[in-house]
Amino acid sequence: MTLKNTGTWGGVSRSFHWLIVALLLVQGTLGLFHDDLPRGTIRLHVSLGITILALAVARLAWRLYAGRPAPLAGIPAWQLRLAGFGHFLLYLLLFAVPITGWLMSDYGDHPVRWFGLFELPHLVAPDDAAHEIMEGRHEQLFWALVVVALLHVLAVVHHHLFRRNATLTRMLRGS
Ligand code: HEM
Ligand code: HEM
């Protein structure tokens, strides 16, 4: 299995990509429906959110080390620039959504624990007004992530079905 991203997306970047997509689906569902789910759902949401944040840090570090494969032939420069900007936004939101969750919890005086094993540092002192604001930011940024991710999926579907190139397959199986 190719590890670094030479020629195609290597196994490490592919694993990070799909693992994070799967966890985000669970995480969004837990967040949106926590009122109707058993008590303790938010604790799971917090722990999973911190896991996603840690995976995003590791993923970005690997991406900076391992690079990215050369673009596929025949894709216009403006589309490559747009895709690059979209990927940049996706990374930004992958950090911003969990960090606003962490800030919201700290402002609300709810210590952030990871699966009951350890407590994360308190980033800010409790503050009710800031807690409300951060709750709004967390939700807005989540919806921004949903919108950008849907545009990202539309672009991938376009390449797969209509341009019939290897954009999707090289992220799925590396060829
Ligand atoms: C990428 C990771 C995350 C995603 C996609 C996500 C998504 C969401 C969503 C969709 C909601 C429901 C928003 C609403 O309808 O009000 C929510 C609520 C919440 N999230 Fe997250 N979240 C993430 C990470 C985190 C983290 C790391 C924490 C804390 C450390 C956190 C703490 C919370 C809390 C406490 C609520 C409940 C807010 C309320 O009282 O309604 N989230 N999250
Ligand atoms: C919330 C969900 C998603 C996020 C946050 C996300 C994020 C990203 C990022 C940041 C990249 C750039 C590669 C990198 O630097 O690691 C990427 C590439 C890619 N993603 Fe996603 N993605 C998501 C969902 C999806 C889905 C559902 C599909 C399948 C339809 C998909 C297919 C791809 C493909 C094929 C590439 C490679 C594009 C290229 O070669 O330029 N992604 N994704």
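Scroll up a little and you will see the structure.
Residues numbered from 1 in each chain as written. Chains lettered and ligands numbered in written order. Predicted model: local features only at pLDDT ≥ 70, side-chain atom pairs only at ≥ 80, totals over all residues. Heavy atoms only, no water.

Trainee: I'd love a proper account of the overall build of the protein, names of residues and values included.
Mentor: For the protein, the helix and strand inventory stands at five helices and two strands. Listing every helix and strand of the protein by position from the N terminus yields α-α-α-β-β-α-α. In terms of principal-axis extent, the alpha carbons of the protein reach across some 55 × 30 × 30 Å. Across the 175 residues that make up the protein, the buried fraction comes to 36%. (Helix = DSSP H or I, 4+ residues; strand = E, 2+ residues; numbered from the N terminus. Buried < 20%, exposed > 50% of the residue type's maximum accessible area, 1.4 Å probe, protein only.)

Trainee: So what's going on with the nonpolar core? Residues and values would help.
Mentor: Ranked by size, the top nonpolar core spans 16 residues in total, and within it L23, I50, L55, F95, W102, V112 and L120 carry the most contacts. Of all the secondary-structure elements, those providing two or more residues to this core are α1 (11-32), α2 (41-66) and α3 (77-107). In this view, L120 contacts I50, W102, V112 and W114; residues no more than four positions away in its chain are not counted. (Core = buried A, V, L, I, M, F, W, Y, C linked by side-chain atoms within 4.5 Å. Contact = heavy atoms within 4.5 Å.)

Trainee: I'd like a description of the side chain of D106, backed by residues and values.
Mentor: With respect to the helices and strands, the residue D106 is situated in helix α3. Although D106 is buried, it makes no salt bridge; R113 carries the closest opposite charge, 10 Å away. (Lys, Arg positive; Asp, Glu negative; His and termini not counted. Salt bridge = Lys/Arg side-chain N within 4 Å of Asp/Glu carboxyl O.)

Trainee: I'd like a description of the coordination of the iron atom of ligand 2, backed by residues and values.
Mentor: Of the protein atoms, only H17 (NE2) and H152 (NE2) coordinate the iron atom of ligand 2, at distances of 2.0 Å. Classification of the site at the iron atom of ligand 2 rests on its six donor atoms, whose angles at the metal span 86 to 179°, yielding the label octahedral. One end of the pair, H17, is in helix α1; the other, H152, is in helix α4 (residues 128-162), with 135 residues separating them in the sequence. With a relative accessible area of 12%, H17 lands in the buried category. (Donors = N, O, S within 2.8 Å, 3.2 Å for Na, K, Ca; no water. Tetrahedral: all angles 85-135°; square planar, octahedral: opposite > 155°, others 65-115°.)

Trainee: Could you give me a rundown of the coordination of the iron atom of ligand 1, with the residues and numbers involved?
Mentor: The iron atom of ligand 1 binds to the protein through H45 (NE2) and H138 (NE2), with metal-donor distances spanning 2.0 Å. Classification of the site at the iron atom of ligand 1 rests on its six donor atoms, whose angles at the metal span 86 to 179°, yielding the label octahedral. Here H45 is found in helix α2, whereas its partner H138 is found in helix α4, with 93 residues between them in sequence. Residue H45 is classed as buried on the basis of its relative accessible area of 14%. For H138, a relative accessible area of 17% puts it in the buried group.

Trainee: Before we move on, could you go through the site of ligand 2 and cite the residues and values that matter?
Mentor: W9, H17, R63, Y91 and H152 are the nearest of the 19 residues found near ligand 2. The separation between an oxygen atom of ligand 2 and a polar side-chain atom of R59 is 3.0 Å. H152 places a polar side-chain atom, nitrogen or oxygen, 2.7 Å from a nitrogen atom of ligand 2. For the shell around ligand 2, the elements supplying multiple residues, two or more each, are α1, α2, α3, α4 and α5 (167-172). Looking at side-chain class alone, the shell around ligand 2 contains eleven nonpolar, four polar and four charged residues. (Near = heavy atom within 4 Å. Polar contact = N/O pair within 3.5 Å; in protein donor to acceptor, adjacent residues only side chain to side chain. Nonpolar A, V, L, I, M, F, W, Y, C, P; charged D, E, K, R; others polar.)

Trainee: Which residues make up the site of ligand 1, and what values go with them?
Mentor: What surrounds ligand 1 is a group of 22 residues, the closest being Q27, G31, H34, H45 and H138. Take E135: an N or O atom from its side chain is 3.4 Å from an oxygen atom of ligand 1. H138 has a polar side-chain atom sitting 2.8 Å from a nitrogen atom of ligand 1. Elements represented by at least two residues in the shell around ligand 1 include exactly α1, α2, α3 and α4.

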